Amino acid sequence: MVSETKQKLTIGVLALQGAFLEHIHMLNNLDLVEEAIPVRTLEQLNAVDALIIPGGESTAMALIAERCQLLEPLREFVRRKPTWGTCAGMILLADEATSTKKGGQQLLGGLEIAVNRNQFGTQKDSFDTLLHMPELVGDDPFRAVFIRAPVITAILSDSVKVVARLEQAVGQTEAETIVAVRQGHLFATAFHPELTHDDRLHKYFVNVALQHLS
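Predicted model, so just to flag it, every value in this text is computed and none were measured.

1. Focus: the layout of surface pockets
Roughly 180 Å³ of volume is contained in the largest pocket. Lining the largest pocket are twelve residues; nearest its centre among them are G56, E57, C87, I147 and R148. Split into classes, the residues belonging to the lining of the largest pocket amount to four nonpolar, five polar and three charged.

2. With respect to empty space enclosed by the protein
Counting across every chain of the model gives one cavity of 30 Å³ or more. For the largest cavity, the calculated volume is near 40 Å³. The set of elements that each furnish at least two residues to the lining of the largest cavity consists of α3 (58-67) and α4 (71-80). Sorting elements by how many residues they give to the lining of the largest cavity places α3 first, with three residues. Split by residue class, the lining of the largest cavity holds eight nonpolar, no polar and no charged.

What counts, and where the lines are drawn
What you see as residue numbers is a count from 1 along each chain, following the sequence as written. For a predicted model such as this one, the threshold for reporting local features is a pLDDT of at least 70, and the threshold for listing and counting side-chain atom pairs is 80 or more; totals across whole chains, interfaces and linings nevertheless cover every residue. To get the side-chain values, take all heavy atoms of the structure and skip hydrogens and water. Any residue with an atom within 4 Å of a point lines the site, the site being either a cavity, points on a 1 Å grid over the protein atoms alone where a 1.4 Å probe fits but cannot get out, or a pocket, an open set with protein on both sides within 12 Å along at least 5 of 7 lines. Grid points are joined across faces, edges and corners, and a volume is the space filled by probe spheres set on the points. Classes in brief: Ala, Val, Leu, Ile, Met, Phe, Trp, Tyr, Cys and Pro nonpolar; Asp, Glu, Lys and Arg charged; the others, Gly included, polar. Starting at the N terminus, helices and strands are each numbered in turn, a helix being any DSSP run of H or I of at least four residues and a strand any DSSP run of E of at least two.

Right under this line is the structure:
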């Protein structure tokens, strides 16, 4: 728990694989962050108030976490403490995932959604678009960068709140346009906010963490 006198947080970014440095740089420029640190060990995980699971390769992250004996501690962490999954991180937080590699993959779970990996194709199919998320970032749209991104295909609980959608495309169901959700202390985005110069979603997550832990 954050003490009543603590005004700043230590935020961890899972650094087993993927785009973690960009998150750390962005977090370390925020007033409410005491320090942002890479998390590769149980000791580092136990030292943080909240965690970001970055984009990258979700199968590789899960395998490395298992090899480092971090998989179960991460599962316990995300059930208790604020966690934000971006792209691959969203896959790992999901309770269910489809289009996984042969043999499936380990998930952390905790976020009551189903996702489909690589919904938008390969690296060359990457794109960015403007999303409207007034409750999170105000009236100005947010430029969202999608790289081999997943999409949410089902909401499995009434406690999951949809906070961002793409414009519906031909052949997509309404559920398949969902690209950001929040469920209590858990937050997930299918895109990469750390690859822009816009820190509004990082500020939002830090404030969510402060509210949850105070």
